[in-house]
Amino acid sequence: MPAPSARHSAFMTLLLCVVLAGGSAGGESFVDPERSRVAGNEHRIRAALAQSGPKLTQESAMLERRAPDSLNLVVVGFDFSDSLMWGRDLDEFPGWPPQRRQSQRIPGTDILMFAAHDSVYFDLQIRRADAYFRTVSFGAFAMDWQVHADIQNLPRPMGYFADPDSGVVRLARAAQEIATAIDPVVDFGGVDTFVLIHAGAGSETDLDGNSPDQIPSNYLDRRDLQEAVDAGLLEVPRIVTEEGDLEHVLVLPESETQDPIEGVPGSGFFDVRGVYCFEIGLRLGMLSLADFTPGSFPDSQGIGNFGLMGYGLFTGLGIVPSAPSAMNRMMMGWASPVEVSSDAELRIAPMLDPATVSGDTNLVRVPISDREYWLLEYRLQDPDGDLFYGFDDLNG
């Protein structure tokens with residue numbers, strides 16, 4: 001094999017970093033308390049999104065190596081007897097105290113981004129997630145959706161759905177109740193995913209640990225719905241509508257802004273985009289590639305920020321979530337590896353739209369045993385070469 005080019009050297013450096021990350025250097029070390037606090041927050045946030053086991057969609061993706069070409073969503077907001085969605089008309093709720101929770105703010109400022117979290121706001125967030133997946137799938141996947149105009153108010157407090165033992169099955173029942181309420185005016189024909197956006201932040205960003213009533217963001221599949229049947233909260237393991245039944249429910253927060261640092265404008269901010277994309281990734285069958293053990297404080301970051309399904313959902317405060325890893329892109333059918341088992345000369349193109357770059361492949365698979373292999377990809381972080389990030393960049 002010829003001497004590696006600068007780009008290939010970058011690959012080898014990355015692989016070396018991956019190998020070295022598994023070990024530790026001897027001798028004395030200095031621990032930065034602030035960095036430790038930040039790392040602890042990252043672990044806490046990511047561990048809060050842990051799944052108890054693989055979903056059926058993940059098992060299917062492992063076997064079929066293919067994501068659906070599209071998802072068809074119905075999106076609806078809901079709030080609680082003790083917590084309203086930001087921007088609700090309080091004239092509709094006599095005696096309700098002024099809202100303490102507000103919209104997310106523009107980072108570094110105290111300027112509110114949105115006057116209300118309503119159907120227009122929900123549509124914007126889903127459009128952003130759709131744009132993300134169209135980009136990282138190279139146009140192979142997209143979403144269609146309809147947003148119900150009216151927010152549904154449930155006659156139960158938020159904490160009822162945050163119970164660690166029964167919160168999931170209670171959310172399953174809430175999904176059925178909401179579907180039944182809006183069914184007369186919503187066409188569920190052809191819909192395959194029910195998206196519920198609840199008032200309040202997700203518990204995954206409760207960095208101070210002082211909001212036990214918050215709900216963790218989640219994806220419910222047939223197994224979760226069956227648990228609701230077993231608990232007597234659903235009659236069948238599906239969300240029943242007049243036009244057809246649903247077996248997939250996403251539970252997402254209206255925002256991820258909370259626990260600001262006193263005297264620091266804009267602190268406590270996370271955008272919802274990363275969490276929305278992460279949960280949609282689970283719905284598609286992507287594997288979660290973070291370390292969840294031990295449960296109280298994971299002792300590694302798994303693949304870290306290199307992929308959406310690791311800690312990459314919070315890169316850029318969740319505004320610019322990382323692209324899915326090579327493994328998940330391969331499982332989704334968005335990248336096809338060239339297998340290399342002997343010396344070969346290949347031009348590895350950046351992991352961008354294949355129509356826009358030249359190379360022999362954008363993914364290489366190198367077997368190292370009957371059950372293991374390396375996947376090599378090239379992440380080009382500044383494709384337009386201007387050294388600045390812009391929202392039209394296709395940064396990996």
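The notes below deal with the structure included here.

Thresholds, definitions, all that
Residues numbered from 1 in each chain as written. Predicted model: local features only at pLDDT ≥ 70, side-chain atom pairs only at ≥ 80, totals over all residues. Heavy atoms only, no water. Buried < 20%, exposed > 50% of the residue type's maximum accessible area, 1.4 Å probe, protein only. Helix = DSSP H or I, 4+ residues; strand = E, 2+ residues; numbered from the N terminus. Pairing = 2+ DSSP bridges. Expected span 1.5 Å × (residues − 1). Polar contact = N/O pair within 3.5 Å; in protein donor to acceptor, adjacent residues only side chain to side chain. Patch = residues over 30% accessible without salt bridge, like charges linked within 9 Å, V, L, I, M, F, W, Y side chains within 5 Å. Areas by Shrake-Rupley, 256 points an atom, 1.4 Å probe, with all protein chains shown as cover. Salt bridge = Lys/Arg side-chain N within 4 Å of Asp/Glu carboxyl O. Lys, Arg positive; Asp, Glu negative; His and termini not counted. Charge placed at Lys NZ, Arg CZ, Asp CG, Glu CD.

## Details of the pairing of strand S1 (residues 70-79)
Here's step 1: Among the 10 residues in S1, eight count as buried, and that is most of the element.
Here's step 2: Where S1 lies against strand S2 (residues 142-147), six bridges are found, and the strand directions are parallel. When the sheet's bridge partners are listed, leucine 71 is paired in S2 with methionine 143.
Here's step 3: Bridging between S1 and strand S4 (residues 193-201) involves six bridges; their strand directions are parallel. In the sheet register, phenylalanine 78 faces S4, and the bridge partner there is histidine 198.
Here's step 4: When S1 meets strand S3 (residues 152-153), the two strands line up parallel, connected through two bridges. Across the sheet, residue aspartate 79 finds its bridge partner in S3, namely asparagine 153.

## Brief notes about helix H7 (residues 273-284)
Here's step 1: Relative to the 16 Å expected for 12 residues at 1.5 Å per residue, H7 spans 16 Å between its end C-alpha atoms, a close match to the ideal helical length.
Here's step 2: The set of residues buried in H7 consists of Arg273, Gly274, Val275, Tyr276, Cys277, Phe278, Glu279, Ile280, Gly281, Leu282, Arg283 and Leu284.
Here's step 3: Residue glycine 285 follows H7 closely and has a positive phi angle near 105°.

## Let's talk about helix H5 (residues 167-182)
Here's step 1: Spanning 16 residues, H5 covers 22 Å between terminal C-alpha atoms, matching the ideal 22 Å at 1.5 Å per step.
Here's step 2: Among all positions in H5, only Gly167, Val169, Leu171, Ala172, Ala174, Ala175, Gln176, Ile178, Ala179 and Ile182 are buried.

## Some details on the environment of arginine 66
Here's step 1: You can see arginine 66 is positioned in the loop between helix H3 (56-64) and S1.
Here's step 2: Looking at arginine 66, the relative accessible area reads 42%, which means it is partly exposed.
Here's step 3: On a C-alpha basis, the gap between arginine 66 and methionine 331 in space is 5.9 Å, while along the polypeptide they are 265 residues apart.
Here's step 4: A polar contact is formed between the side chain of arginine 66 and the side chain of aspartate 69, at a distance of 3.2 Å.

## Overview of a negative patch on the surface
Here's step 1: A surface patch of negative charge is lined by Asp89, Asp91, Glu92 and Asp150.
Here's step 2: With respect to the helices and strands, the residue aspartate 89 is situated in the loop between S1 and helix H4 (119-136).
Here's step 3: Relative accessible area serves as the criterion here: at 39%, aspartate 89 is assigned to the partly exposed category.

Without other data, these values stay purely geometric and don't point to any function.
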